[in-house]
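Reading the structure
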Amino acid sequence: GASLRLDWSDVGPGELTLITALASSDIEFSFDADWGNDDSWAPVLYDYVSLSDRQRDTVSQELRYSTDHWLFGVYALRLDESLATLSRGEYYDPGYDFADSLDYPFDSEYESTNLALFTQYDTELDAKTRLAAGMRVERRTTDYRDTDGFTAGPSDTIWGGEISISHDIGGDAMGFVALSRGFKAGGFNLGIVPDQWRFFEDEAMWTLESGVKSTLGGGALTLNASLFHSWREDQQARASFQLVPNDPASFGFATINIDGG
């Protein structure tokens, strides 16, 4: 991985910042799928292994321009990921003269692009009171395909932001109140899942917070306190399901949307 940051001062009335980052990861994950050895399973032959190789590459670019009160920015992120999995093994039970084997390759390709615009405004309302407000709008597109024939390409336009007011209560204390909205993009579930659970939507979380920050004893002690309430819209939750009635072993898990939390 590598990153580069360039700062230019005195660009008009403000400062220009350019941040470039890239990362390349080669990840191997393998495990003994039968959780044993030949002696422990004898006289049954039970030998399975799963091998996975994942290549993940990301590159991001951010451009910011800031003045005394304003900040404007553009952000872009590109992710490319490929996965090659091989599950293989064999089973033979001489007591029942039953044999089975597995040789299952699985490959997938995933791409996503995030484009965002953001801005922030800071100002002093008076000598003791400050106002800060910011907003971010993001467009996320995806493209997925695998050798099982499944393709998906959900996209989201999502936004978040915050507005806050802070006030100097005394020489060493400051009170604040803030309202913010965060977001999480939607996506899809892989594997065998009910059709209505294949895709899930983006979620949002609102937070209202108020508090006090203070220093005591000439800075020897810091005392902070806050009260907050958060609520989530279209919350993404992990749920389980059963595919075959009366067969508790035919279960799986998926991410779904619930009304809120």
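Small disclaimer: the values here were computed from a predicted structure and weren't measured. (Residues numbered from 1 in each chain as written. Predicted model: local features only at pLDDT ≥ 70, side-chain atom pairs only at ≥ 80, totals over all residues. Heavy atoms only, no water.)

**Looking at the overall build of the protein**
- Check the secondary structure of the protein and you find 1 helix and 14 strands.
- A compact globule built from 261 residues should have a C-alpha radius of gyration of about 18 Å, whereas the protein, at 27 Å, is more than 25% larger.
- Its C-alpha atoms give the protein principal-axis dimensions of about 90 × 40 × 40 Å.
- Per-residue burial over the protein gives 26% buried out of 261 residues.
- Of all intrachain contacts in the protein linking residues separated by at least 6 positions in sequence, the fraction that spans at least 24 positions is 55%.
- Counting only carbon and sulfur atoms, one obtains 57% of the accessible surface of the protein, whose full area is about 16700 Å².
- For the protein, the separation between the mean place of its 18 positive charges and that of its 44 negative charges on side chains is 9 Å. (Helix = DSSP H or I, 4+ residues; strand = E, 2+ residues; numbered from the N terminus. Rg over C-alpha atoms; globule rule 2.2 N^0.38 Å. Buried < 20%, exposed > 50% of the residue type's maximum accessible area, 1.4 Å probe, protein only. Contact = heavy atoms within 4.5 Å. Areas by Shrake-Rupley, 256 points an atom, 1.4 Å probe, with all protein chains shown as cover. Lys, Arg positive; Asp, Glu negative; His and termini not counted. Charge placed at Lys NZ, Arg CZ, Asp CG, Glu CD.)

**As for the pattern of salt bridges**
- Throughout the structure, instances matching the rule amount to 12 salt bridges.
- Between Arg-78 and Glu-111 there is a salt bridge, and its shortest N-O distance comes to 3.4 Å. Taken together, the positions of Arg-78 in strand S4 (residues 70-93) and Glu-111 in strand S5 (residues 98-124) put the pair 33 residues apart, joining distant regions of the chain.
- When salt bridges with common partners are traced through the structure, they connect Arg-78, Asp-80, Glu-111, Asp-143 and Arg-145 into a single cluster. (Salt bridge = Lys/Arg side-chain N within 4 Å of Asp/Glu carboxyl O.)

**Details of the packing of aromatic side chains**
- Taken as a whole, this structure holds 18 aromatic pairs when the rule is applied.
- Each residue in the set Trp-41, Tyr-46, Tyr-48, Tyr-91 and Phe-98 is aromatic and connected to the rest through ring pairs, giving one cluster.
- Sitting over the ring of Trp-159, Arg-181 keeps its end group 4.1 Å from the ring centre.
- When the ring centre of Phe-176 is taken as origin, the NZ or CZ atom of Lys-213, which lies over that ring, is 5.6 Å away. (Phe/Tyr/Trp six-rings, centres within 6.5 Å; stacked < 30°, edge-to-face > 60°. Lys NZ or Arg CZ within 6 Å of the ring centre and 35° of its normal.)

**Details of the layout of surface pockets**
- Quantified by volume, the largest pocket comes out at close to 440 Å³.
- What lines the largest pocket is a set of 21 residues, among which Leu-83, Ser-108, Tyr-144, Phe-188 and Leu-190 lie closest to the centre.
- At the level of secondary structure, the elements contributing two or more residues to the lining of the largest pocket comprise strand S3 (45-66), S4, S5 and strand S6 (129-146).
- Top contributing element to the lining of the largest pocket by residue count: S5, with 6 residues.
- Among the residues forming the lining of the largest pocket, the class breakdown is 10 nonpolar, 4 polar and 7 charged.
- Quantified by volume, the second largest pocket comes out at close to 200 Å³.
- Looking at the second largest pocket, it is lined by 14 residues, and the ones nearest its centre are Thr-119, Gln-120, Gly-134, Met-135 and Glu-162.
- The set of elements that each furnish at least two residues to the lining of the second largest pocket consists of S5, S6 and strand S8 (155-170).
- Among the elements that make up the lining of the second largest pocket, the one with the highest residue count is S6 (5 residues).
- Residues of the lining of the second largest pocket, tallied by class, amount to 5 nonpolar, 6 polar and 3 charged. (1 Å grid on protein atoms, 1.4 Å probe; cavity = no way out; pocket = protein on both sides within 12 Å on 5 of 7 lines; lining within 4 Å. Points joined across faces, edges and corners; volume = space filled by probe spheres on them. Nonpolar A, V, L, I, M, F, W, Y, C, P; charged D, E, K, R; others polar.)

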